[in-house]
Amino acid sequence: MKYDIKDINLASEGKLRMEWAEQSMPVLRSIRERFEKEKPLEGIRVSACLHVTTETGVLMWTLKAGGADVVVCASNPLSTQDNVAASLVEHHQIPVFAIKGEDNDTYYDHIGSALDHQPMITMDDGADLVCTIHSERRELIENIIGGTEETTTGVIRLRSMEANEVLMYPIVAVNDADTKHFFDNRYGTGQSTMDGIIRSTNTLLAGSTAVVCGYGWCGRGVAMRARGLGANVIVTETNPLRALEAVMDGYRVMPIMEAAKQGDIFVTLTGDMHVLREEHFKVMKDSAIVCNSGHFNVEIDIDALERLSTKKRRIREYVDEYTMEDGRRINLLGEGRLINLAAAEGHPASVMDMSFANQSLCAEFIAQKGAELGKKVISVPREIDEQVSNLKLAAMGIQIDELTEEQVKYLSEWTMGT
C-alpha cells in the first residue's frame, strides 16, 4: 500500500483521538452500522481531498464500511493532523497522502497520488480534485460517476464551471445542505475560528475591536462568537442584503477601508481574493492581528504585506510578525491559511457529524443515481437533509410533532379559504 505521511509511529495517538471524536458523532455511527450490513458502496473507488482531521477519519471508516475503496489527501497544507493520517494507514489500511506543513509542490503531488487511484467518486473540500481532473487528468473522467463538494469556495468554483459548460460530471453540493451550512458553517466555524485565534495569540477578545470580513454563514458564526467573548464587532460586506442583515443583528457595518483603521483583529471569510490588501495594511494599528477562515489564503494579499515590511519574524508558533517602515507591526496568523485548522483542531466533532453524514449519504446517492444526474451541480436531496436532521434529533433524545392528516390537507388545498 502506497502512502505519504509524516510518521507511522504516531498511529496510536491518532487512534485514540478518532475514538474520542466518534463518541460525538452518533449520526455517522448509525450510518456506518447500516453501511456495514448493506455495502451500498461495494466496488466504488473514492478519492477524497479533505482536511485530514479526526472527524474526517471517522468519515473514512464509514465509507470503507460501506464497501468503498478509499484514498484521502489533504485539502490544505496546514490542516492535516499527522497522528490521524498515521492511524488511518496503520489501523484501517486506508492510503493517506498528507503531511502537516507540506509545501505547495508536495500538496499537488499528493492530489496527483489520490487521483492515481482512478476514482469513481470524488470528494472535495475546495474543488482541487475536480479542477485538477478537468485541467490535467481528463483521462479519468470517463470512469467517474460523480462527486461531492464540502465547502462554499468549492461550490462557487463548480457553479462557474457549470455556467461555462466545462463541468464533465455531476457534483452534489454538500455545502448547501441545511444540515451542513446552518450548523457547520455557523457554529463550527464560529467556535473553531475563535479557538484558533486564542490558541495562536493568547489575546483577550473582550474589549477588542474585531473586524469580520464577509457575513455569509461562516461570517455570521464568527461575528456571533466574537461578540459573545466581549469583542466590539464590525462587519464589512459587498452584498447589500447581508450588510443589512448584519445591521439588524446589531453589528456596525462600514467599508473595509474605514474598518481597517479601527480593528484590532481581522478575520476574512469571503471566498474571494485580496479582501485585505496594501491600502488596508498601511492604515492598520500597531500589533493588528490578521487571519483568514475562508478556504484559501488568497483572501489576504500576503505579497503586499511582504513588500510593505522591512522585517519579518516568527514570533509565536503560528504568528508571523511583519514590521512596517514606520515601525508598526502586523501579525499574520497561520500563514494566512484556515486559522481554525492551522492553529486549532477545526470544527467540533458533533457538528462535523452532520456534515459528514451528508457526505456519506450523498456518496450512496451518487452510486445509485449518478448516471441520471447530468453534468451539473446538484442540490442535496431534501430527503437526505431531513434524514440527517431526524437522526441528529434522535441521537439527542429530542422528539418533535408530526402534522395531522387535516393539517397536511390544509397545506396542500387551495380551495379552503379562510
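Each chain carries its own residue numbering, running from 1 in the direction its sequence is written. pLDDT decides what is reported in this predicted model: residues at 70 or higher carry local features, side-chain atom pairs at 80 or more are listed and counted, and totals for whole chains, interfaces and linings draw on all residues regardless. Just so you know, side-chain values use all the structure's heavy atoms and leave hydrogens and water out.

(A) Molecular detail of the overall build of the chain. Counting from the N terminus, the helices are the DSSP runs of H or I reaching at least four residues and the strands are the DSSP runs of E reaching at least two. A tally of helices and strands in the chain yields 17 helices and 15 strands. A compact globule built from 418 residues should have a C-alpha radius of gyration of about 22 Å, and the chain, at 22 Å, falls within 12% of that. Classification of residues uses two cut-offs on accessible area relative to the type maximum, computed with a 1.4 Å probe and protein chains only: under 20% is buried, over 50% is exposed, and between them is partly exposed. Every one of the 418 residues in the chain was classed for burial, and the buried ones make up 55%. Considering only contacts in the chain between residues 6 or more positions apart, those separated by 24 or more positions represent 72%. C-alpha atoms define the radius of gyration in this analysis, and the globule rule sets the expected value at 2.2 Å times the number of residues to the power 0.38. We call two residues in contact whenever any of their non-hydrogen atoms come within 4.5 Å of each other.

(B) Layout of unusual backbone geometry. One non-glycine residue with positive phi stands out, namely Q118, at about 55 degrees. Checked against the element boundaries, Q118 lands in the loop between α5 (104-115) and β4 (121-124). If you check the backbone angles, A127 has positive phi at about 70 degrees while not being a glycine. Within the secondary structure, A127 sits in the loop between β4 and α6 (128-136). Assessed through its relative accessible area of 0%, A127 is described here as buried.

(C) View of the nonpolar core. As used here, the term nonpolar core means buried Ala, Val, Leu, Ile, Met, Phe, Trp, Tyr and Cys residues forming a set that is joined through side-chain atoms within 4.5 Å. In terms of nonpolar packing, the biggest core is built from 54 residues, with V52, L59, M60, L63, V72, L88 and V96 touching the most fellow members. Ranked by residue count, the leading element in this core is helix α15 (residues 349-369), at 11 residues. Not counting the four nearest positions on each side in its chain, V72 is found in contact with A48, V52, M60, L88, I94, P95, V96 and F97.

(D) A look at the pattern of salt bridges. The term salt bridge refers to a side-chain nitrogen of Lys or Arg lying within 4 Å of a carboxyl oxygen of Asp or Glu. The tally for this structure, following the rule as stated, stands at 27 salt bridges. One salt bridge connects R199 with E345, and the closest N-O pair in it is separated by 3.2 Å. Remark: E345 occurs in the loop between α14 (339-342) and α15 and R199 occurs in helix α8 (residues 178-201); sequence separation between them is 146 residues. Among the residues examined, R199 registers a relative accessible area of 43% and is labelled partly exposed. Judged by its relative accessible area of 35%, E345 is partly exposed. Across the salt bridge formed by D353 and K392, the nearest N and O atoms sit 3.4 Å from each other.

(E) Examining the packing of helix α2 (residues 26-38) against helix α16 (residues 382-395) more closely. Axis definition: a line fit to C-alpha positions, over the contact stretch in the case of helices; interaxial angles, taken between N-to-C directions, run 0 to 180 degrees. Their axes nearest at 9 Å, the elements α2 and α16 cross at an angle of 110 degrees. In terms of orientation, α2 and α16 fall into the roughly perpendicular class. With respect to the hand of their crossing, α2 and α16 are arranged in right-handed fashion. Between α2 and α16, the residues in contact are P26, V27, S30 and I31 and L391, K392 and A395, respectively. Under the convention adopted here, Pro, Cys and the residues Ala, Val, Leu, Ile, Met, Phe, Trp and Tyr are nonpolar, Asp, Glu, Lys and Arg are charged, and Gly plus all remaining residues are polar. Tallied by class, residues from the contact of α2 with α16 come to five nonpolar, one polar and one charged. Should an angle fall under 35 degrees it is called roughly parallel, over 145 degrees roughly antiparallel, and 65 to 115 degrees roughly perpendicular, with every other angle called oblique. Crossings are assigned a handedness: left-handed for a near helix turned anticlockwise from the far helix by less than a right angle, right-handed for a clockwise turn.

(F) Structural context of the side chain of T132. Within the element layout of this structure, T132 appears in helix α6. When its relative accessible area of 11% is taken as the criterion, T132 is described as buried.

(G) Region of the structure containing the sheet that holds strand β10 (residues 265-268). Two strands pair if DSSP finds at least two bridges between them. Across the sheet, eight strands lie side by side as β9-β8-β7-β10-β11-β14-β13-β12; this open sheet has mixed pairing. The open sheet has two free edges, formed respectively by β9 (252-253) and β12 (309-316), since each of these has just one partner strand.

(H) Geometry of the pairing of strand β8 (residues 232-236). For β8, the buried fraction is high: four of the five residues fall into the buried class. With five bridges connecting them, strand β7 (residues 209-213) and β8 associate as parallel partners. When the bridges of β8 are listed, C213 appears paired with T236. Pairing geometry for β8 and β9, over two bridges, is parallel. Paired with I234 across the two strands is R252, which belongs to β9. In this view, the connection linking β8 to its parallel neighbour β9 by way of helix α10 (residues 240-248) has right-handed handedness. Looking down the strands as they point away from you, a crossover is right-handed if its path from the first strand over the helix to the second goes clockwise.

(I) Layout of the packing of aromatic side chains. Note on aromatic contacts: the rings of Phe and Tyr and the six-membered ring of Trp form a pair at centre separations within 6.5 Å, being stacked when their planes are under 30 degrees apart, edge-to-face when over 60 apart, and tilted otherwise. Throughout the structure, instances matching the rule amount to four aromatic pairs. Relative to Y108, the ring of Y107 has its centre 5.0 Å away and its plane inclined at 85 degrees; by these criteria the two rings are edge-to-face. Since its relative accessible area comes to 41%, Y108 is described here as partly exposed. Residues Y215 and Y251 carry aromatic rings whose centres are separated by 5.9 Å and whose planes lie at 65 degrees to one another, so their mutual orientation is edge-to-face. Here Y215 is found in the loop between β7 and α9 (217-228), whereas its partner Y251 is found in the loop between α10 and β9, with 36 residues between them in sequence.

(J) The arrangement of the side chain of S87 in detail. Here S87 shows up in helix α4 (residues 82-92). Look past the residues within four positions of S87 in its chain and what remains in contact with it is A11, G14, K15, M18 and H92.

Just geometry here; none of it tells us what the structure is for.
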